[in-house]
Amino acid sequence: MFSKILKVSLIAALCAGPAWADDDAAPLAGLLSGHNKEDLPEVTLSVGEPLGGPWTLQSGRYYEVEITADGSGEIGLESDGFFRAIWVDEVVIRGLEVRPMGLASIEFDRAGTMEIGFIAIKPGRYDLHIPGSTGEDQRLEIEIE
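Quick caveat: nothing in here was measured; it's all calculated off a predicted structure.

What counts, and where the lines are drawn
Residues numbered from 1 in each chain as written. Predicted model: local features only at pLDDT ≥ 70, side-chain atom pairs only at ≥ 80, totals over all residues. Heavy atoms only, no water. Helix = DSSP H or I, 4+ residues; strand = E, 2+ residues; numbered from the N terminus. Buried < 20%, exposed > 50% of the residue type's maximum accessible area, 1.4 Å probe, protein only. Contact = heavy atoms within 4.5 Å. Phe/Tyr/Trp six-rings, centres within 6.5 Å; stacked < 30°, edge-to-face > 60°. Salt bridge = Lys/Arg side-chain N within 4 Å of Asp/Glu carboxyl O. Core = buried A, V, L, I, M, F, W, Y, C linked by side-chain atoms within 4.5 Å. Pairing = 2+ DSSP bridges.

Draft legend 1. Structural context of the environment of glutamate 74. Locating glutamate 74 in the fold gives a position in the loop between β4 (62-69) and β5 (75-78). Accessibility expressed as a relative area gives 61% for glutamate 74, which makes it exposed. For the pair formed by glutamate 74 and arginine 110, sequence separation is 36 residues and the distance between their alpha carbons is 6.4 Å. Setting aside residues no more than four positions away along its own chain, glutamate 74 makes contact with Glu107, Phe108 and Asp109.

Next comes the structure, spelled out in structure tokens:
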């Protein structure tokens, strides 16, 4: 008899749904929770201007970065390994969220801002750089510990 009551109670609890079912969204947990999130300094893309940095990131930590182009030219960022060393959660452009399997590079044809949310995964030294540039200021050094 007790096991039948327990079974019925369990089924009722499962059918009721999670405790946050009446809220707009479920709370984030684990790697995506607020205590694990850090905002990085904004990266500004402008012809001839430095990218900033360096960044020191912790593996397993969630980061968000805004990348803004000032419209001074068609300009982008690429990396030989950084985009493969992170898990990209989302890219937000003008309120539109894209959840890609990964990135190879980004490019701005005109002024605008995008936000990238990611989790640093693979320790190592990486960089983001403007394609075709040779100046050290056109490179953002990144270390994932």
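That was the structure; now back to the text.
Draft legend 2. Inspection of the packing of aromatic side chains at higher detail. Counted under the stated rule, the structure contains four aromatic pairs. Pairing phenylalanine 82 with phenylalanine 118 gives two aromatic rings, centres 5.7 Å apart and planes at 85 degrees, and the pair type is edge-to-face. Within this pair, whereas phenylalanine 82 is found in the loop between β5 and β6 (86-93), its partner phenylalanine 118 is found in strand β9 (residues 112-120), the two being separated by 36 residues in sequence. Neither residue differs from the other here; phenylalanine 82 and phenylalanine 118 are each classed as buried.

Draft legend 3. Spotlight on the pattern of salt bridges. Inspection of every chain in the model, using the stated rule, returns eight salt bridges. For arginine 99, the salt bridge is made with glutamate 97, and the minimal N-O distance between the two is 2.9 Å. Salt bridges sharing common partners tie together Asp89, Glu90, Glu97 and Arg99.

Draft legend 4. The nonpolar core, seen in detail. With 30 residues, the main nonpolar core has Leu57, Ile67 and Phe82 as its most contacted residues. Discounting residues that sit within four places of it in the chain, leucine 57 has contacts with Leu40, Tyr63, Phe82, Phe118, Ala120, Ile142, Glu143, Ile144 and Glu145.

Draft legend 5. Up close: the pairing of strand β8 (residues 105-108). Judged by which residues are buried, β8 turns out to be one-sided: Ile106 and Phe108 face inward and are buried, whereas Ser105 and Glu107, on the alternate face, are not. Two elements, β5 and β8, share four bridges in a ladder whose sense is antiparallel. Note that in β8 the partner of glycine 76 across the bridge is glutamate 107.

Draft legend 6. Region of the structure containing the environment of leucine 77. With respect to the element layout, leucine 77 can be found in strand β5. It is 9.0 Å that separates the C-alpha atoms of leucine 77 and phenylalanine 108, two residues lying 31 residues apart in sequence. Ignoring any residue separated from it by four or fewer positions in sequence, one finds leucine 77 in contact with Val43, Leu45, Leu51, Ile67, Phe83, Ser105, Ile106, Leu128, His129, Ile130 and Pro131.

Draft legend 7. A look at the environment of lysine 37. Along the chain, lysine 37 falls in strand β1 (residues 37-39). Classification of lysine 37 by relative accessible area gives partly exposed; the value is 34%. Residues lysine 37 and glycine 117, 80 residues apart in the sequence, show an inter-C-alpha distance of 9.4 Å.

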